[in-house]
Amino acid sequence: MPPKGFQRKKAAASDGTSTPQLPSLAEQLSYLEAPRPFKNPNYVKKTSSRRSKNLKAVLTQEREREKAERERRRLEKIESDMEVDGEQEEEFPTYTSIEAPPSLLPQRHYCDITGLEAPYTDPATKLRYHDKSIYEVIKGLSASSVKEYLAARGVNSIVK
């Protein structure tokens, strides 16, 4: 059932005497009816021999490279009639070596009582603390327990 007030448009006479409607300028410039292929027909995929490796493959390859390098050095030492000690120090950093340069970030301070990050330091005892509730605990500590906390941190200072 058509909605109220709906009127059908009267069809134009089909006797051929009427002129066909010309498309408007907007319809002429519209891209709506233009064909749009999903893929570019001129696209050529560049095949490369590189492929990404997962972490396990990278670590395995690095271990094999280190092993080959150690073997090469061992053979060089044997050829030069030097004794081989077995383990040798590595001269170059690798993925598996644990040596790293020192951090450029400032060292973090931790609370001597709780172990949480400590943004504050008590000026009298030099103990680091997390918040004001820990500061109340520090104020109630005896001199000997303050020395024990400082010794646990590795600081041997004179308590005033």
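The residue numbering used here restarts from 1 in each chain and proceeds along that chain's sequence as written. Thresholds applied to this predicted model are a pLDDT of at least 70 for local features of residues and 80 or more for the giving and counting of side-chain atom pairs; totals over whole chains, interfaces and linings are not thresholded and use all residues. Side-chain descriptors were evaluated using all non-hydrogen atoms of the structure, hydrogens and water having been removed beforehand.

Structural notes on unusual backbone geometry
When glycine is set aside, most residues are seen to have a negative phi, and most peptide bonds are trans.
Alright, step 1. One non-glycine residue, K126, lies in the positive phi region at around 65 degrees.
Alright, step 2. A run of H or I in DSSP becomes a helix once it reaches four residues, and a run of E becomes a strand once it reaches two; helices and strands are each numbered from the N terminus. As for its placement among the helices and strands, K126 is situated in the loop between strand 1 (120-121) and strand 2 (128-129).

Let's talk about the UniProt feature "domain: Vps72/YL1 C-terminal" (unreviewed entry) in the protein chain
Alright, step 1. UniProt positions are given in the numbering used here, feature names are shortened, and annotations may be inferred rather than shown by experiment. Mapped onto the present numbering, the UniProt feature "domain: Vps72/YL1 C-terminal" (unreviewed entry) falls on residues 109-138.
Alright, step 2. Strand forms 13% of residues 109-138 and helix 23%; the C-alpha atoms that close the span are 17 Å apart.

What to know about helix 2 (residues 55-79)
In an α-helix, one turn spans 3.6 residues; hence positions three or four apart end up facing the same way.
Alright, step 1. Taking 1.5 Å of rise per residue, 25 residues should cover 36 Å, and helix 2 covers 36 Å from first to last C-alpha, within 8% of that figure.
Alright, step 2. Burial classification: accessible surface area is computed with a 1.4 Å probe over protein chains only, and a residue below 20% of its type maximum counts as buried, one above 50% as exposed, and the rest as partly exposed. Restricting attention to buried positions, one finds in helix 2 the residues E62, E66, E69 and R73. One less than the number of residues in a helix, times 1.5 Å, gives the span that helix is expected to have.

Concerning the nonpolar core
Alright, step 1. Put simply, a nonpolar core is a bunch of buried Ala, Val, Leu, Ile, Met, Phe, Trp, Tyr and Cys residues held in one set by side-chain atoms that sit within 4.5 Å of each other. Within the largest apolar cluster, eight residues are counted, these being C111, A118, L127, Y129, I134, I138, V146 and L150.
Alright, step 2. In this view, L127 contacts D112, Y120, T121, D122, I138, L141, V146, Y149, L150 and R153; residues no more than four positions away in its chain are not counted. Working rule for contacts: check all heavy atoms of both residues, and any pair within 4.5 Å makes them a contact.

Focus on the environment of D122
Alright, step 1. Tracing the backbone through its elements, the reader meets D122 in the loop between strand 1 and strand 2.
Alright, step 2. Separated by 17 residues in sequence, D122 and K139 place their C-alpha atoms 9.0 Å apart.
Alright, step 3. With sequence-adjacent residues up to four places away left out, D122 is seen in contact with L127, Y129, Y135 and I138.

Details of the pattern of salt bridges
Alright, step 1. In the sections that follow, a salt bridge refers to a side-chain nitrogen of Lys or Arg positioned within 4 Å of a carboxyl oxygen of Asp or Glu. Enumeration according to the criterion identifies eight salt bridges in this entry.
Alright, step 2. Across the pair E117 and R108 runs a salt bridge, and its minimum N-O distance is 3.6 Å.
Alright, step 3. Residue E117 is classed as partly exposed on the basis of its relative accessible area of 43%.
Alright, step 4. Among the salt bridges present, the one from R153 reaches D112, with a minimum N-O distance of 2.8 Å. Residue R153 is located in helix 4 (residues 143-153), and its partner D112 is located in the loop between helix 2 and strand 1; the two are separated by 41 residues in the primary sequence.

Remarks on the confidence of the model for the protein chain
Alright, step 1. Each residue gets a pLDDT score, which is the predictor's confidence in that residue and runs from 0 to 100. Within the protein chain, residue pLDDT values average 80, and 74% of them lie at 70 or more.
Alright, step 2. Summarising per-element confidence for the protein chain, the mean pLDDT is lowest in helix 1 (residues 25-29) (85) and highest in strand 2 (95).

Re the packing of aromatic side chains
Alright, step 1. Aromatic rings from Phe, Tyr and Trp, taking only the six-membered ring of Trp, are treated as a pair when their centres fall within 6.5 Å; an angle between ring planes under 30 degrees marks them as stacked, one over 60 as edge-to-face, and anything in between as tilted. Under the definition given, this model contains two aromatic pairs.
Alright, step 2. Judged by centre distance (5.5 Å) and plane angle (25 degrees), the ring pair of Y120 and Y129 falls under stacked.
Alright, step 3. Taking the relative accessible area as the measure of exposure, Y120 reaches 42% and is therefore partly exposed.
Alright, step 4. Judged by centre distance (5.0 Å) and plane angle (35 degrees), the rings of Y129 and Y135 are tilted.
Alright, step 5. For Y129, a relative accessible area of 12% translates into the label buried.

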